[in-house]
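# Residue-level structural notes
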Amino acid sequence: MVNRAALLCGLILVLLILICYLLTSVDLGKLQKNLKNWTKSKISKLPVIESGKDDVIDKAVVLLSDSKTNVSPPNQRKRTNNTSSSIRKQMKEHHQPKYYNSTIERLDNIRVYDWSLPVWSNSSCIPLKNLHKTTYICLFDPKDDVNFSRSLIETGVWDKQLLREFKLLLAQKQDLNLLDIGSHLGLYSLTAAMLGHNVVSVEPFNKLFPAFYKSVVMNKFEKRITLLANAISSKKEFVKLSYEDKDMTSATVQSANEEEITIENIASQKVIPSITWKDLAHFVPFNKIVLKYDISFRNHNNNLLTESSDLFSTLDVQYVFMHWNHFILDAGNIVAFFKSRSYIPKKRVFGKPLKLSKFLKWKGGIIWEKDSRA
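Quick caveat: nothing in here was measured; it's all calculated off a predicted structure.

Rules of the game
Residues numbered from 1 in each chain as written. Predicted model: local features only at pLDDT ≥ 70, side-chain atom pairs only at ≥ 80, totals over all residues. Heavy atoms only, no water. Helix = DSSP H or I, 4+ residues; strand = E, 2+ residues; numbered from the N terminus. Buried < 20%, exposed > 50% of the residue type's maximum accessible area, 1.4 Å probe, protein only. Salt bridge = Lys/Arg side-chain N within 4 Å of Asp/Glu carboxyl O. Phe/Tyr/Trp six-rings, centres within 6.5 Å; stacked < 30°, edge-to-face > 60°. Lys NZ or Arg CZ within 6 Å of the ring centre and 35° of its normal. Core = buried A, V, L, I, M, F, W, Y, C linked by side-chain atoms within 4.5 Å. Patch = residues over 30% accessible without salt bridge, like charges linked within 9 Å, V, L, I, M, F, W, Y side chains within 5 Å. Areas by Shrake-Rupley, 256 points an atom, 1.4 Å probe, with all protein chains shown as cover. Polar contact = N/O pair within 3.5 Å; in protein donor to acceptor, adjacent residues only side chain to side chain. Contact = heavy atoms within 4.5 Å.

On to the environment of Leu 162. Within the secondary structure, Leu 162 is located in helix H6 (residues 160–172). A relative accessible area of 3% means that Leu 162 is categorised as buried. Taking the C-alpha atoms as reference, Leu 162 lies 8.5 Å from Met 322; in sequence the two are 160 residues apart.

Inspection of the entire model under this criterion finds eight salt bridges. Glu 165 is paired through a salt bridge with Arg 348; the nearest N and O atoms lie 3.9 Å apart. A residue pair is termed long-range when its members are at least 10 positions apart, and Glu 165 in helix H6 and Arg 348 in the loop between strand E11 (343–346) and strand E12 (364–370) qualify at 183 residues. On the basis of relative accessible area, Glu 165 is assigned to the buried category, the value being 2%. Between Asp 175 and Lys 288 there is a salt bridge, and its shortest N-O distance comes to 3.2 Å. Placement of the pair is Asp 175 in the loop between H6 and strand E3 (177–181) and Lys 288 in strand E9 (residues 288–293), with a sequence separation of 113 residues. Overall, Asp 175 belongs to the partly exposed group, its relative accessible area being 43%.

On to the packing of aromatic side chains. As enumerated under the stated definition, the model contains 18 aromatic pairs in all. Look at Tyr 113 and Trp 115: their rings are 4.9 Å apart centre to centre, the planes differ by 40 degrees, and that puts the pair in the tilted class. Ring centres of Trp 115 and Phe 212 lie 6.0 Å apart, and the angle between their planes is 55 degrees; on these two criteria the pair is classed as tilted. Within this pair, whereas Trp 115 is found in the loop between helix H4 (84–94) and strand E1 (124–130), its partner Phe 212 is found in helix H8 (residues 209–219), the two being separated by 97 residues in sequence. Taking the relative accessible area as the measure of exposure, Phe 212 reaches 0% and is therefore buried. Taken together, the ring pairs in this structure connect Phe 312, Trp 324, Phe 337, Phe 338, Tyr 343, Phe 359, Trp 362 and Trp 368 into an aromatic cluster. In this arrangement the basic side chain of Lys 207 is found over the ring face of Phe 140, its NZ or CZ atom lying 5.8 Å from the centre.

Before going further, it helps to spend a moment on the nonpolar core. Counting residues in each nonpolar core, the largest one holds 49 residues, and the members touching the most others are Trp 115, Ile 137, Phe 166, Ile 225, Val 290, Tyr 319 and Phe 321. Looking at this core, the element that brings in the most residues is helix H7 (residues 187–194), giving six residues. By size, the runner-up hydrophobic cluster in this structure holds 38 residues, among which are Trp 277, Phe 283, Ala 331 and Phe 359.

This part is about H7. Within H7, eight of the eight residues are buried, which leaves it mostly tucked inside the rest of the structure. Those residues of H7 that sit buried are Leu 187, Tyr 188, Ser 189, Leu 190, Thr 191, Ala 192, Ala 193 and Met 194.

A few words on unusual backbone geometry. Despite not being glycine, His 184 has its phi angle at roughly 55 degrees, a positive value. Its place among the elements puts His 184 in the loop between E3 and H7. Residue classification places His 184 among the buried residues on the basis of a relative accessible area of 12%. One non-glycine residue, Ser 342, lies in the positive phi region at around 65 degrees. For Ser 342, the position within the fold is in the loop between helix H12 (331–340) and E11. Residue Ser 342 is classed as partly exposed on the basis of its relative accessible area, which comes to 29%.

This brings us to a nonpolar patch on the surface. A grouping of Leu 8, Ile 12 and Leu 16 is seen on the molecular surface, where their side chains present a nonpolar patch of about 290 Å² in accessible area. Inspection of the secondary structure assignment puts Leu 16 in helix H1 (residues 2–25).

In this fold, Ser 308 is placed in the loop between E9 and helix H11 (309–314). For Ser 308, a relative accessible area of 0% puts it in the buried group. Looking at Ser 308, its side chain comes within polar contact range of the main-chain oxygen of Leu 305, at 2.5 Å. With residues near it in sequence (within four places) discarded, Ser 308 still touches Trp 277 and Phe 337.

Laid out in structure tokens, this is it:
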């Protein structure tokens, strides 16, 4: 037994000596050099991301991926000499939120909301008592929207007089369809759809879209309401969107300067490309319309409505519903605009005309009716 144990120990010792000899004979320097060359060859095959403009785009992708707008990241890009125009083209191609249906875009920059794609929303929904049927509207928490949502939730009322006249008109005029400029959460759009009319809603603020989507789907109005996620301007430009905290009715649109037109702002949709009245006029699929115009007079171009000749010359605008504010700087020009097109101002659809000379004293909702004799 002793001899066997000694023999086994001797064999183990011989093996250890042999292993040590082999290790000391290897050229460690050469091994390290080969490993370094192999690593370089693998790295050289990876796609190169250019610093500067591209890393800004990648940052925008992260911003979008973290948002609720569900955006697919762009493919890896090879090194190129990107210009400002190509950067914007890449943004358009790779960063379109999925809720825009690009397959039915008819004009450049017009973004049609795709009702077929589900969007999560925690909005609470309440019934609107509209004549003989009930329509639901989905709202923000009243703590987050202290005017519009709180008023509807607590009192059930918003634009009581003007909305009443609006419902009365559409109940009588079945041949009219609605163009809703500044649709917000869709109070007028939902009302018109409930009464059987087709609607094109225009609203640039993406924060409003999930609640609007929920309202449309809940009421099964997907075939009656088309939502354009756009801002209107007198020219094609980039505009910036803003609103006061806890008050979505304070939303404003202003021309963006060069410093504000960044990939980050475009990705987060704080800055978006605008469309013109002409773009809109050629998109609307119906001719005889009632126009509800609700763009804050605090916006960058108070005279935006007076620059809408393309819309009025292309479409048969029978009525215009708007909120009047005698502090508006361009009130005189707005009156002249409608007067030159033979529109009559009223407080009620079937009421008496207002005196044009008293326009500075007008308050609340105003209805412009196209004179059928003109």
